[in-house]
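Coordinate inspection notes
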Amino acid sequence: MADPLLTSSPHRLMMTSALPYANGPIHIGHVAGAYLPGDIRARYERLAGNDVLWVCGSDEHGAAITLRAKKDGLTPRDIVDRYHGEMQTAFEGLDLSFDHYSRTSSPKHHQNAQDFFKTLLDKGSFEVKTEAQFYDPEAHQFLADRYIIGTCPKCTADGAYGDQCEKCGSALSPTDLIQPKSTLSGATPILKDTTLWYLPMGRHEEWLRDYIEKGLFEGQPHHDPQTWKAHVTGQCRSWIDGGLQSRAMTRDLDWGVSVPVEGAEGKVLYVWLDAPIGYITATMEWAEKNGKDWRDWWQSKDAELVHYIGKDNIVFHCLIFPILLREHGGYNLPTNVPANAFMNLEGDKISTSRNWAVWVSEYLEQFPGKSDEMRYVLASIMPEQKDSEFTWTDYRERINNELADVLGNFINRVVVLTQKYYQGQVPVALVSASETADDAIIEALQLAPERIGALIQRNRFREALHEAMGVARLGNKYMTEQEPWKLQKNNPERTAVVLHHCIQVAGICSVVLEPFIPRTAKKIQGAFGVENAAWSSAAADMIPAGRTLNPLPILFEKVDESVVQAQLEKLQASRAKTEPTVQPIKEEMTFDDFQKLDLRVGEVIACERVPKANKLLNLTIRTGLDERTVLSGIAEHFEPEQVVGRRVTVLVNLAPRTMRGIESQGMVLMAETADGGLRFVTPEEGTAAGDVIS
Ligand SMILES: [Zn+2]
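Note that the structure is a prediction, hence the values are computed from the model and not measured.

To continue, consider the overall build of the chain. Of the regular secondary structure elements, the chain holds 21 helices and 28 strands. Over its C-alpha atoms, taken along the principal directions, the chain stretches across nearly 100 × 75 × 45 Å. Across the 694 residues in the chain, those meeting the buried criterion constitute 53%. Considering only intrachain contacts with a sequence separation of at least 6, the fraction spanning at least 24 residues in the chain is 74%. For the chain, the accessible area works out to roughly 30900 Å², and carbon and sulfur atoms hold 49% of it.

Moving on, we get to the nonpolar core. F390 and F528 are the most contacted members of the largest nonpolar core, which totals 173 residues. Here this core gets 14 residues from one element, more than from any other, and that element is helix α13 (residues 392-422). Counting contributing residues, this core receives three or more from each of domain 1 (1-123 + 273-308) and domain 2 (364-537). With near-sequence residues (within four places) excluded, F390 lies in contact with I28, M343, N344, L345, E346, V358, M374, V377, L378, I381 and Y395.

Looking at chain direction, strand β4 (residues 127-136) and strand β9 (residues 190-199) are connected through nine bridges and run antiparallel. In the strand pairing of β9, A132 is matched with D193. Strand direction decides the pairing type here: β9 and strand β12 (residues 247-248), joined by two bridges, are antiparallel. Of the residues in β12, the one forming a bridge with Y198 is A248.

Protein-derived coordination of the zinc ion comes from C152 (SG), C155 (SG), C165 (SG) and C168 (SG), at a distance range of 2.3 Å. For the zinc ion, the four donor atoms in the first shell make angles of 107 to 113 degrees at the metal, so the coordination geometry reads as tetrahedral. Sequence positions of the donors to the zinc ion reduce to the motif C-x2-C-x9-C-x2-C. With C152 in the loop between β6 (148-151) and β7 (160-161) and C165 in the loop between β7 and β8 (178-182), the pair connects residues that are 13 residues apart, well separated along the chain.

Basis of the calculations
Residues numbered from 1 in each chain as written. Predicted model: local features only at pLDDT ≥ 70, side-chain atom pairs only at ≥ 80, totals over all residues. Heavy atoms only, no water. Helix = DSSP H or I, 4+ residues; strand = E, 2+ residues; numbered from the N terminus. Buried < 20%, exposed > 50% of the residue type's maximum accessible area, 1.4 Å probe, protein only. Contact = heavy atoms within 4.5 Å. Areas by Shrake-Rupley, 256 points an atom, 1.4 Å probe, with all protein chains shown as cover. Core = buried A, V, L, I, M, F, W, Y, C linked by side-chain atoms within 4.5 Å. Domains from an automatic or database assignment. Pairing = 2+ DSSP bridges. Donors = N, O, S within 2.8 Å, 3.2 Å for Na, K, Ca; no water. Tetrahedral: all angles 85-135°; square planar, octahedral: opposite > 155°, others 65-115°.

Written as structure tokens, this is what we have:
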């Protein structure tokens, strides 16, 4: 059945997913963020018979790659070749069905990005400035982006990069960082003159505001801003409200797309200028291979552009890339950027450096043939509006209780009963044997595909999957209530009706679930003789009476609790192996600042828990001056009896603070260990309560 949204507006849908950065493997957070949503949408659009093109590719430039190469003693080419191959294998293993997967280090892309840059240059889109930039006096090179870290000026997080703070997502310039440091040598950088091409984003605030907030472009309605996710619009609005700063679009680096200007040797395009142009290059490559015109997808009025990305890329896709496209002229602007939030793992942020991740390649090795299981779980908990969390227990429960018990069990019962009663032939449903319960299920089946399709088009994948599984739930309920195995003895005509409808439910399930779990869908379609499934074929009469069913392979195996335990142990082991992270140094203070601290040796003479506070202990400390109460957040690490009698370091001139109705008069100094533990800072033997520490 046709979706009215589609028949009324024939269009081409140009879809992109964020180019993954070729300096590390793919984990489930990447998949849930930008790739699985793209794949579900693309698969749906193809099944619905719409003209869709979905491209992606490896992002192979930028300072993070040269830095990685330096650390590993390899060339940047070695690094990108390795990860380009690994990422492609991981994507294929999860059945991500890109129409074309490219890479930005190709000569074609270099040419394309340079042409794009030159057009903007000729149009006066850039400001050329010679100014002081950070330079590493020990490594003798300019420090772009990831060559420099420091404290984020927006959120004060440590370890922010020169181009972006990953903690708060802010786009930064190296000179914005507080306490900058070279990641090459650890040296404090010096300033040295260089020429850079800037994109003066401030010029574009007005039209960008109309575009983001009202869905207007060049004064015309462009898209419905209500279809954009609130967190995407909100982030863009706060950027614009904060005033858009000029951003350098070139870098002093020896790896990337050379700046096509005479005298600009040793300079390359900023990776965030060249990467989104990679979407266009990928389309060109696809068009060349397939005898099509790429302009139909990027420049035609009836083509729509949609970017699937993670929330850390919002500013680049909603503000910077639209500026570049508009300045170039002739291009469509995105009609939606349905960015996803982040997926956490077992109570913690996914971290490549700490190896706190589920790597796609490892998963596929350990769970061969189980790509649908992971796709199903990730789609069920996709971080569409806010961060979500993957746990192995949830993985097990969803597979056992939903895929195996609901979908697998239903399909299997349908096939087994058809074989038992009708030698595998789809029975005829006689109208004379029909009942009102049948009408209800037929009606529900008629409506489901359209509703699910509309949800997918609105990028509400979790709901769409829930509805699609609802079709299987409905079938299970209908079969259980009608009890065809009992009817068979006294009312065989009725059994035929019930089973006939159940077979239709199975067929519809196989179509509406195909965007989510394509391998399973194909297995079901194979068993029910469905060829060339289309969204419109998912109807209450899709499998004709008289057709002989084929054998059904096993759809899902239940996951044992021991599998969950093994995965958790693996995570914990990798955490233990990870090198301890050294906290960056805090902001410099003066000697006078230090002189203000009055530190004394203290002795704990009593200690008890603070009622209803999990973390607090109430310490009575002899300081030489007095006996005073100090509250300390160490109750999760120490029992009161372990604390009494200890000599401790105590800050005695801290302003008193009341917590849980108790006034705390000072602070006990603790050392945080690399594994997250706490230890007392204990003065050496021979010191006594009241000794001054200076
Ligand atoms: Zn920040």
